[in-house]
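Structural overview for review
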Amino acid sequence: MASLRSPSSPSDGYKRFSDDFANSSVNNYGSNVTNTRAGSDGAGDAGTLDMGSRSSLHTGLQMSEDEHWEMNYHEAAIYLEEGLNNEKFDSHPSSPEELPAYLRVHNPWYHGLDLLASLVLILLAFTEDPAVPAFELPVWAHGTIELLALTVIGVELHLKLKWIGWSTILKHKRTMIKGITLLIMVLEAVVVLCRQSSHFRVTRALRPIFLVDTRHCGGVRRFIRQILQSLPPILDMLGLLMFFVATYSLLGFYLFSEHIDNGHFKTISDSFVSMFVLLTTANFPDVMMPSYAKSKWYALFFILYIITVLYVLMNLMLAVVYETFTRIEREKCRALLLHRRVAARRAFRLLVSRRAPRAVRLRHFAGLLRHYAPHYSGLDVYLMFKQLNQSGSGGLSRAEFANVYEVFALRWAPQAGRAPWYSASALEPIGRAAAAAVRWPYFEYLIYSLIIGNGVSMVLRVCEAAGDLQDSARLLCASWDTWLFLTLFLLEAALRMMASGLPSYLESGWNVFDLSVTLLALVGAVLLSIAPKLFIVVMFRPLRLMRLYKLKKRYRDVFGTLVLLSPLMSSAGCVMLVMYYFFAIVGMELFAGYDLKNCCVNTTVEDFYKYSENSSTALGYYYLNNFENILTSGVSLFELTVVNNWFILMNAYATVAGQFSRIYFMVFYLFTMVVLTIVVASVLEAFRFRIQYKRSTTKRDEEKLLHEEVHTNWEEAQRLGASGDLADELRTFLPPGVDVTFIGSRPRTKEVLQRRMYQTDIQKWLAEEDESEDLPPSTTVTSSEDPLAPPLIQQPDVENNHQIRAGYQL
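Residues numbered from 1 in each chain as written. Predicted model: local features only at pLDDT ≥ 70, side-chain atom pairs only at ≥ 80, totals over all residues. Heavy atoms only, no water.

**Comments concerning the overall build of the protein chain**
Put simply, the rule is: In DSSP terms, a helix is any run of H or I states spanning at least four residues, a strand is any run of E spanning at least two, and both are numbered starting from the N terminus. Only protein chains enter the area calculation, which uses a 1.4 Å probe; residues under 20% of their type maximum are buried, those over 50% are exposed, and those in between are partly exposed. Whether two residues are in contact is decided by their heavy atoms: any pair within 4.5 Å suffices.
Looking only at helices and strands, the protein chain has 31 helices and five strands in total. Per-residue burial over the protein chain gives 46% buried out of 810 residues. Pairs at least 24 residues apart make up 74% of the contacts formed inside the protein chain by residues separated by at least 6 positions.

Rendered as C-alpha cells:
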C-alpha cells in the first residue's frame with residue numbers, strides 16, 4: 001500500500017518522507033544515498049544527472065536528491081494503486097497540499113472505519129420504527145448513532161473533496177450522488193432528533209449507497225456497473241415483452257370480460273395484471289379454467305401467450321443478455337489491462353533517471369516497492385525485478401515494467417524447498433513410507449471404496465428401525481461404524497499430510513474439503529453423543545460422499561466453475577441484499593401500518609387470510625407475509641422472488657392499500673428478473689470460459705502459466721545494483737559462487753486464466769495502444785545498448801529551437 005502514514009498538516013505534505021528518510025535504517029531498500037545535496041533545479045549541476053522526472057507532489061518545494069526520489073517512489077506507488085483499483089487518474093493528487101487528505105482517505109484503518117459506519121447505517125433499520133422488537137431503540141439513541149455514522153462518512157467525503165476539487169467531482173457521478181444523499185440524510189436525522197419521532201423516510205432505502213462506495217465493495221460496484229451496461233438490451237427486450245403482455249391483455253379483455261365467473265378480465269387493468277402475473281406462471285392454470293369451461297378453444301389463447309412470452313421472449317432475453325455480458329466481460333478485461341498499462345507508464349516516468357532514461361534500476365524498483373507493498377521482503381523485490389527483466393540488460397524497459405502487476409501475485413520459494421519436506425529429518429522414514437502409500441496405484445480406489453462403504457452404511461442405518469428420533473440420529477451419525485469410517489478418513493488425511501507436507505496438502509481444494517467434512521462429522525458425532533436432540537449435526541456425515549463427484553469430468557467442470565464464480569457470486573449476493581434492503585425499506589414505509597388478518601373478504605384471495613384466535617385454516621397463514629419490520633419484509637420479498645403465489649400478497653395489499661400498490665410488486669419482480677437474468681448469464685459465461693480454457697490448455701501449459709522460474713546468484717545481484725540492506729538480506733539466500741533457482745507461484749484466478757485465453761486479443765489491444773501513442777522525442781540517449789550506461793547529452797538543435805529541460809521528462 002502506498003498509504004502508510006498521513007502528514008500532520010496540508011502545509012507539510014512532504015514531511016513524512018523526510019522523517020522516513022532520516023529514520024531509514026530498517027528495510028530501506030530503495031533509498032538513494034549517493035547524493036544528499038539539496039540540489040533543486042539540477043540545471044548545470046553534475047550531481048543531479050541521476051535525477052529523473054519531478055513528482056507533481058513536490059512542486060515548489062526545495063529538497064535534496066534523496067527526498068526527490070522518495071517523493072517519486074511514493075507517487076509512482078500511488079499510480080500503481082490507482083491502476084490496481086481501476087481509479088480514474090483525474091483524481092490523482094497533484095500538489096503537496098492535496099497529499100495529506102489523499103493519504104488519510106486511502107489509509108486501511110480509515111477504509112475499515114468507513115465500512116463500519118456504512119454497516120451501522122444499514123443495521124439501524126433493525127432499531128428504527130417499525131423495528132424488530134428485540135432490537136428497538138428510542139429515537140434519541142438511533143438518531144444519535146445515525147448522525148455519528150453520517151459524520152464519519154461526511155469527513156471522508158470532505159477529505160476527498162480537498163484533493164479532487166469541485167470541478168472534478170462533478171465528473172464523478174457516484175461521489176456526487178453520495179454527497180447529495182448524505183446531505184438529505186443529515187437533514188432528516190436532525191429533524192428526527194428535534195421531533196423525537198420518525199416520519200415518512202423512504203430515503204433510508206438509499207443507505208446502501210454508502211456501503212457500495214466503500215473500498216471493500218469494489219466487486220459489488222463492478223457487478224452493478226455490469227448490470228447498468230447490460231440494461232440497454234434488457235430494456236429493449238422488456239419493451240417488446242410488455243408490448244405482447246399489453247396486446248394479449250387487450251385481447252383477453254374483449255374475449256373474457258363478459259364471462260361473469262371469470263373475474264380476471266373485468267376491466268383493462270384487471271386484464272393487464274392477470275396477464276402480467278401469468279407471465280410468471282404463478283396463476284396458471286387458475287386464470288384459464290373459467291374461460292376453458294366455456295369453450296375448450298379458449299385454451300389456445302393462454303397456450304399461445306405462454307409460448308410467446310415465456311418460452312420465446314424470456315429465453316431470447318437471456319440469450320441477448322448473455323451475448324452482451326460476454327462482450328462486456330471481454331471489454332472489461334481490455335479496459336482494466338490498458339488502464340493498468342497507463343498506470344505503469346506513469347509510474348515508469350517517475351522511476352527513470354537521466355543516467356538511465358529508458359530503464360528502471362533495481363534500487364528505484366525497490367524504492368517503489370517500499371511504498372507500494374512494504375510487506376515484501378528484499379528477496380521478493382529482487383526476484384520480481386529479475387523476473388521482469390527478461391532481456392537481462394540489468395534495467396527494466398518500459399515494456400518490461402508494464403508487466404509489473406503480473407509479478408505482484410507471485411509467491412517465491414527456493415527450488416530446494418520443493419524437495420520432500422521430510423528430507424534430512426528424523427521423520428524421513430515415516431514420510432517416505434506415507435509417500436509410497438499415497439503413490440500406490442490402488443490408493444485412490446481404496447479411498448473411494450471406503451467412501452462408498454460409508455454411504456452404504458448410512459443407507460442401512462436409515463433403514464434400520466429405531467425407537468425414536470434420538471436413537472435414529474445416534475445410529476446414523478454416532479454409531480460404531482461412524483467412528484470406524486471417521487478413523488479411516490483421518491488416517492487417510494494424515495498419510496497425505498505426511499507424504500506432501502501440510503502446506504502442499506492444503507493447496508488442494510479437495511484435500512481441504514475432505515479434511516473439513518471429516519472434522520465436522522467428528523464434531524457432530526461427539527455433539528450427538530452429548531446432546532441427542534441436536535439433530536442438525538446429522539447432515540455432516542453424508543457430506544463426504546460429495547468426493548465421489550470428482551470421478552466424473554462433468555462434475556469437476558461444475559465445481560471448477562463454482563470456484564471461478566465465487567467472487568462474482570459473492571458480489572451478486574451483495575447486490576441482491578442491497579436490492580432487498582431497498583425494497584424492504586420502501587415496503588415498510590408504504591405497508592407497515594396494514595393488518596392482513598381477515599383482510600380480503602369477498603375477494604379471490606379471501607381463504608388465504610382467514611384468521612381466528614383459536615386456529616387458522618391450512619391456507620390462512622398468509623397474513624404473516626407482511627412488512628412490519630426489516631426481517632419479515634425480507635422473508636416476504638424472498639417469497640415474491642420465488643414468484644410462487646406471489647400475486648396473493650399483491651392482491652391483498654391492493655385490497656387494503658389501493659390498486660396502485662400493485663406497482664411496487666410489479667417493479668420488484670422486474671428488478672429481480674433483471675438481476676437474476678444477469679446472474680444466469682454470468683454463470684453461463686463462466687462455464688463456457690472454463691470449458692474453452694480446459695480444451696485449449698494442457699496441464700503443462702497451465703503449469704507454466706501458474707509458475708515462474710528465476711535463476712540467479714550473488715554475483716548477478718551485485719551487478720544489478722544490490723547494495724545496503726538489500727544486499728545484506730540477499731546474501732543470506734544467495735551464497736557467493738552458487739547458482740540458486742527460485743520458483744514463483746501465482747494463484748489460479750480468472751484474471752490469470754483470461755490472460756491465457758485472450759492472449760491473441762491482448763497482443764492486438766497492446767499493439768493498437770502503442771500505435772495510438774504520441775510520445776515526444778527524447779533529449780537523452782544512452783551511449784550503448786546497456787540502459788544503465790551513462791547518458792550522452794545531445795546538443796540542442798539551434799535551428800529548430802530545441803531546448804534541454806532541467807529535469808528529464810519521458
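**With respect to the packing of aromatic side chains**
We apply this condition: Under the pairing criterion, centres of Phe, Tyr and Trp rings, with the six-membered ring standing for Trp, must be within 6.5 Å; the plane angle then separates stacked pairs below 30 degrees from edge-to-face pairs above 60, leaving the rest tilted. Two conditions define a charge sitting above a ring: the NZ of Lys or the CZ of Arg must be within 6 Å of the ring centre, and it must be within 35 degrees of the ring normal.
Tallied over the entire structure, the rule returns 41 aromatic pairs. Taking the centre distance of 5.9 Å and the plane angle of 50° together, the rings of F348 and F401 count as tilted. Of this pair, F348 sits in helix 12 (residues 299-351) while F401 sits in helix 15 (residues 398-401); the two residues are 53 residues apart in sequence, bridging distant segments of the chain. Between F591 and F665 the ring centres are 5.7 Å apart and the planes differ by 15°, which places this aromatic pair in the stacked class. A residue pair is termed long-range when its members are at least 10 positions apart, and F591 in helix 23 (residues 553-591) and F665 in helix 26 (residues 662-696) qualify at 74 residues. For F591, a relative accessible area of 3% corresponds to the buried category. Note on F665: relative accessible area 1%, which makes it buried. K296 extends its terminal NZ or CZ atom over the ring of Y292, reaching a point 5.2 Å from the ring centre. Note that R340 overlies the ring of Y405, its terminal NZ or CZ placed 5.3 Å from the centroid.

**A word on unusual backbone geometry**
The linkage connecting D129 with the following residue, P130, adopts the cis geometry, with an omega of 0°. Relative to the helices and strands, P130 resides in the loop between helix 4 (108-123) and helix 5 (139-164). For N86, which is not a glycine, the phi torsion comes out positive at approximately 60°. Along the chain, N86 turns up in the loop between helix 2 (65-84) and helix 3 (99-105).

**Observations regarding empty space enclosed by the protein**
Short version of the rule: A pocket, in this scheme, is an open set of points on a 1 Å grid over the protein atoms alone with protein on both sides within 12 Å along at least 5 of 7 lines, while a cavity is a set where a 1.4 Å probe fits but cannot get out; residues line either one if an atom lies within 4 Å of a point. Grid points are joined across faces, edges and corners, and a volume is the space filled by probe spheres set on the points. Each residue is assigned to one class: nonpolar for Ala, Val, Leu, Ile, Met, Phe, Trp, Tyr, Cys and Pro, charged for Asp, Glu, Lys and Arg, and polar for all the others, Gly among them.
Within the structure shown, the criterion is met by six cavities of 30 Å³ or more. Lining of the largest cavity is provided by N454, T482, F485, L486, F489, V517, T518, A521, F540, R541 and R544. Put simply, the parts of the chain that give the lining of the largest cavity at least two residues each are helix 20 (480-500) and helix 22 (509-530). The greatest single-element share of the lining of the largest cavity, amounting to four residues, is contributed by helix 20. Taken together, the residues that form the lining of the largest cavity break down as six nonpolar, three polar and two charged.

**Remarks on the packing of helix 10 (residues 268-279) against helix 25 (residues 646-657)**
Convention followed: Axis definition: a line fitted to C-alpha atoms, limited for helices to the stretch in contact. Angles are taken between N-to-C directions and run from 0 to 180 degrees. Oblique is the label for every angle not falling under 35 degrees (roughly parallel), over 145 degrees (roughly antiparallel), or within 65 to 115 degrees (roughly perpendicular). Helix crossings are classified by the rotation of the near helix relative to the far one: an anticlockwise turn of less than a right angle makes the crossing left-handed, while a clockwise turn makes it right-handed.
The interhelical angle for the contact between helix 10 and helix 25, taken along N-to-C directions, is 155°, at an axis separation of 10 Å. Between helix 10 and helix 25, the crossing angle belongs to the class labelled roughly antiparallel. Judged by the twist between their axes, the crossing of helix 10 over helix 25 is right-handed. Here V273, F276 and V277 of helix 10 come into contact with helix 25, specifically with W646, F647 and M650. Residue composition of the contact of helix 10 with helix 25, grouped by class: six nonpolar, no polar and no charged.

**Details of helix 18 (residues 443-463)**
Turn by turn, an α-helix covers 3.6 residues, leaving residues three or four places apart pointing in a common direction. Worth spelling out the cut-off: To estimate the expected span of a helix, subtract one from its residue number and multiply by 1.5 Å.
Along its 21 residues, helix 18 runs 31 Å from first to last C-alpha, staying within 8% of the 30 Å computed at 1.5 Å per residue. The complete set of buried residues in helix 18 reads F443, I447, Y448, L450, I451, N454, G455, S457, M458 and R461. Along its buried surface, helix 18 packs onto helix 17 (428-439), helix 19 (469-477) and helix 20.

**Thoughts on a positive patch on the surface**
Let me state the cut-off plainly: Residues enter a patch when their relative accessible area is above 30% and they make no salt bridge; the linking distance is 9 Å between like charges and 5 Å between nonpolar side chains (Val, Leu, Ile, Met, Phe, Trp, Tyr). Reported accessibility uses the Shrake-Rupley method at a 1.4 Å probe radius. Residues are deemed covered only where the shown protein chains occlude them. Every case where a carboxyl oxygen of Asp or Glu lies within 4 Å of a side-chain nitrogen of Lys or Arg is listed as a salt bridge. Positive charges are assigned to Lys and Arg, negative charges to Asp and Glu, while His and the chain termini are left out of the count. In this description, the location of a charge corresponds to atom NZ of lysine, CZ of arginine, CG of aspartate or CD of glutamate.
On the surface, a cluster of positive charge is contributed by K88, K171, K173, R222 and R225. For R225, the position within the fold is in helix 9 (residues 218-256). Residue R225 is classed as partly exposed on the basis of its relative accessible area, which comes to 36%.

**Here we look at the packing of helix 4 against helix 5**
Two elements in contact, helix 4 and helix 5, have axes separated by 9 Å at closest approach and are oriented at 145°. As for how helix 4 packs across helix 5, the hand of that crossing is left-handed. Of the residues in helix 5, those in contact with Y110, L113, D114, A117, S118, V120 and L121 of helix 4 are I145, E146, A149, L150, V152, I153, V155 and E156. The class makeup of the residues in the contact of helix 4 with helix 5 is eleven nonpolar, one polar and three charged.

**Focus: the sheet that holds strand 3 (residues 740-745)**
Spelled out, the test is: At least two bridges found by DSSP between two strands is the condition for calling them paired.
Across the sheet, three strands lie side by side as 1-3-2; this open sheet has antiparallel pairing. Edge positions in the sheet fall to strand 1 (411-414) and strand 2 (707-712), since each of these pairs with one other strand and no more. The mean angle between the axes of side-by-side strands here comes to 25°, regardless of whether they run parallel or antiparallel. Docked against the sheet, helix 14 (residues 378-388) engages strand 1, strand 2 and strand 3, running at close to 100° with respect to strand 2. Across the sheet, helix 27 (residues 699-706) touches strand 2 and strand 3, and the angle it forms with strand 2 is around 60°.

**Observations concerning the nonpolar core**
Inclusion rule: Nonpolar core, defined: a set of buried Ala, Val, Leu, Ile, Met, Phe, Trp, Tyr and Cys residues in which side-chain atoms within 4.5 Å join the residues together.
Among the nonpolar cores identified, the biggest contains 85 residues, and Y305, Y609, L637, W646 and F665 are the most heavily contacted of them. For this core, the secondary-structure elements that each account for two or more residues are helix 8 (208-212), helix 9, helix 10, helix 12, helix 23, helix 24 (630-642), helix 25 and helix 26. Judged by nonpolar contacts, the second largest core, of 49 residues, contains L80, A344, L350 and W412.

**Some points on the layout of surface pockets**
Approximately 1,900 Å³ is the volume attributed to the second largest pocket. The wall of the second largest pocket is formed by 40 residues, among which S504, E507, S508, G509 and N511 lie closest to the centre. Listed by contribution, the elements that provide at least two residues to the lining of the second largest pocket are strand 1, helix 20, helix 21 (502-506), helix 22, helix 23, helix 26, helix 27 and strand 3. No other element matches helix 23, which puts five residues into the lining of the second largest pocket. Here the lining of the second largest pocket is composed, by residue class, of 16 nonpolar, ten polar and 14 charged.

**Quick word on the environment of L734**
Mapped onto the secondary structure, L734 falls in the loop between helix 29 (724-733) and strand 3. Counting along the chain gives 19 residues from L734 to E715, while the straight-line C-alpha distance between them is 8.9 Å. Once residues within four sequence positions are removed from consideration, L734 is found in contact with Y382, T712, N713, W714, A717, V740 and F742.

**With respect to the pattern of salt bridges**
Using the criterion set out here, one finds 28 salt bridges in the structure. Linking R201 and E188 is a salt bridge whose minimum nitrogen-to-oxygen distance equals 3.3 Å. You can see R201 sitting in the loop between helix 7 (173-195) and helix 8 and its partner E188 sitting in helix 7, a full 13 residues away along the chain. Of the two residues, R201 and E188, neither departs from the other in class, the shared state being buried.

**Section: helix 2**
With 20 residues, helix 2 extends 29 Å between its outermost C-alpha atoms, agreeing within 8% with the 28 Å of an ideal straight helix rising 1.5 Å per residue. Extensive coverage of helix 2 is indicated by the burial of 19 of its 20 residues. N86 sits one or two positions beyond helix 2 and adopts a positive phi of about 60°.

**Section: a nonpolar patch on the surface**
Residues V523, L527, L534, I536 and M539 make up a contiguous nonpolar surface patch of about 430 Å² in total accessible area. For M539, the position within the fold is in the loop between helix 22 and helix 23. On the basis of relative accessible area, M539 is assigned to the partly exposed category, the value being 45%.

**A word on the environment of F272**
For F272, the position within the fold is in helix 10. Expressed as a C-alpha distance, the spacing of F272 and F253, which sit 19 residues apart in the sequence, is 8.7 Å. Not counting residues within four places of it along the chain, the set of residues in contact with F272 comprises V245, A246, S249 and M666.

**Quick notes on the confidence of the model for the protein chain**
Applicable threshold: For every residue, the predictor states its confidence as a pLDDT score lying anywhere from 0 to 100.
Put simply, the protein chain has an average pLDDT of 79, and 86% of its residues get 70 or more. The secondary-structure element of the protein chain with the lowest mean pLDDT is strand 4 (residues 780-782), recorded at 35, while helix 24 shows the highest, at 92. Between residues 1-49, whose pLDDT stays under 50, and residues either more than four places distant or in other chains, the model counts 124 contacts. Here residues 775-810 is modelled with pLDDT under 50, and outside its nearest four sequence neighbours on either side it reaches 62 contacts, counting other chains as well.

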